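# Geometric and topological summary
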Amino acid sequence: MRRFLSVIAAFCALVSSLLIFSAGPANAADVSEDADAVAKSAGQKWALRSLANGMYVSVGLHDTDSQQWRMRATAQAPGSWERFTLHTNHAGKTIGFRSEITGFFASAEFADGGDQKGMLRARGVRLGQWQQFIPHYLDDAPFSDSPAGSRVVALQASEKAQDDASATPAEKELKYVTTELGEGGEAVVRARAATAGKWEKFVLEPVKGTIAGDQYGMPAAGSAPASNLNVMTWNLCANNRSCTWSGGLAGYEELNAGISAHLRSNSGALPDVIFFQEFCEKHAKRVEAMLEKPVGEGGTGRQWDVRFAPIHNRGDANGPLVQKQCAITDKDGNVVADRGAYGVAIAVPDENVWYKRYDLTSPTYDLKYEQRTAVCATLPSRAVAACTAHLSAGYGYDDPDGTWRTRQAQQMLDITKTYENQGYRVVFGGDFNLVPPYPQATAKEGGPSEALDPVYDRYFECGQEGDPAAKRTGDPTANGVDGKPTRKIDYIFSPKNAPVMNCSVSPDSGHSDHWTLYGSVSLPAT
């Protein structure tokens, strides 16, 4: 992936198997709705800066007709019209650029003719073939004022005329994206070049201050009376075709119905904090709206803030983290609506104004493996910080011996300490893909069993019910047999002076392959 000419053939084979989606018409209302749907995400924003003229690629929001949302390298600084998030559905081998201002993907318009052919416009409704670009990360130096983490890249559009009998050999080649600086070019960004010269090189720059938690400092923890904090965690399996959502992929209406049916613990308590794993980005705002409905309509009758954090792929050892997309086709090959990126989410009371994503140390020996993430949010009035994560998969997957999960578990402890140092009590959990550290645990069960020992040493887990002498076990939460779970890999941890009580597992798993875990944290006054 560092150099391009030697790998074109392999990538041609890859992209020829991709589904082709045309970028359908969209209007201002569509833009507002789609951009709003991803506003709850903690994804890193990026800018694309032309190495040819030093200007940033901008989306022409007020252009009209066939020029609408065209992309040109004309901006001097990266504002909202110049910011993108990076996405992939091929483990980083291809990337898409989703515009912050439109909420849609940059699309190479190969169906248009004349001076429109190949023009990039930010109007792709999903990550189809016209919206995917093959990145070639180069060793060229970025601009002297480019921020740390910037990379020079040449981009090949994945569309080609391979199946057109009348196409010339040149027309069948993948086209590089270029900045047109010639007479009348207007610095339009277009996929048209056969080779990568200076006009075809861009600096991919991370935009500072756009990651959640980096805009301003963590708020101070307040004084809080003694109270109970009801916590729920559930791996929704919203992106796993083996689960029983329609077609194996959860749509938001079906997902909301499933979450609503599992909101009450076995004691009848509604949650104050919810951890979600295997979650799709565009569902966050819709889940939030469902939770805010009256109790009689399936909600909680309270105001919520639901925040999403993406899991990534890294298509090049030194390339950027690229958000993994939730699948858009079900197990029968039917196309479902674009559901955004894939990852974890946290639901907390609406008082939350500060949250932060953390990239966890993840397997790198094969670039196809997921780069895992955690997300935390603060509740200053209760002096509580809540965090969730989905650790690497175990036996038979990317971390068979537990090496990476052991590091990730320690990293979670390092994260929680940053909040404790600011006066917060930390409650955290999720799908850790590890069984509890009891002597009988084996690698097949999700070992090594000692990976979570340091976590148990510092915190109580739900299954201990506040008893320091209790065994480090707990009721099973996953891997169902005959309708019952067989292994515990989902957790709720709390401080030693705030034990989790009333720990319970839902009677069914709904459409997921995990059962919901509930607990009530007994918070002392601060």
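This text follows the structure it describes.
Residues numbered from 1 in each chain as written. Predicted model: local features only at pLDDT ≥ 70, side-chain atom pairs only at ≥ 80, totals over all residues. Heavy atoms only, no water.

## Considering the sheet that holds strand S19 (residues 355-359)
The following threshold applies: In this analysis, strands are considered paired if DSSP registers two or more bridges between them. Secondary structure elements are taken from DSSP: a helix is a run of H or I of four residues or more, a strand is a run of E of two residues or more, and numbering for both begins at the N terminus. Axes here refer to lines fitted to C-alpha atoms; in helices the fit is confined to the stretch in contact. Angles between the N-to-C directions go from 0 to 180 degrees.
Taking strand neighbours across the sheet as the criterion, the 6 strands line up as S19-S20-S21-S22-S24-S23 in an open arrangement whose pairing is mixed. Looking at strand neighbours, the two that pair on one side only are S19 and strand S23 (459-461), the edges of this open sheet. Here the strands of the sheet are splayed against their neighbours by 20° on average, with no regard to which way each runs. With 7 bridges connecting them, strand S21 (residues 384-390) and strand S22 (residues 425-431) associate as parallel partners. Pairing of Ala386 across the sheet is with Val427, part of S22.

## Quick word on the environment of Leu51
Let me state the cut-off plainly: Only protein chains enter the calculation, and the probe is 1.4 Å; a residue is then buried if its accessible area is under 20% of its type maximum, exposed if over 50%, and partly exposed in between.
Locating Leu51 in the fold gives a position in the loop between strand S1 (46-50) and strand S2 (56-59). Given the relative accessible area of 15%, Leu51 is considered buried. Sequence-wise, Leu51 and Val203 are 152 residues apart; in three dimensions their C-alpha atoms are separated by 6.4 Å.

## Describing helix H3 (residues 252-261)
For clarity, the cut-off: It is the directions from the helix axis to the C-beta atoms that the arc portrays. Two residues qualify as a contact provided that any one of their heavy atoms is within 4.5 Å of a heavy atom in the partner residue.
Within H3 the residues assigned to the buried category are Leu255, Asn256, Gly258 and Ile259. End-on, the buried residues of H3 take up no more than an arc of 165°, which puts them together on one face. Those residues of H3 that are exposed and angled more than 90 degrees off the buried face are Glu253 and Ala261. For H3, the elements touching its buried residues are strand S13 (227-235), strand S14 (273-280) and helix H4 (284-291).

## Some thoughts on unusual backbone geometry
Phi is positive for Trp69, which is not a glycine, with a value near 65°. Here Trp69 lies in the loop between S2 and strand S3 (71-75). One non-glycine residue with positive phi stands out, namely Ala383, at about 50°. Relative to the assigned elements, Ala383 resides in the loop between strand S20 (373-379) and S21. For Ala383, a relative accessible area of 1% translates into the label buried.

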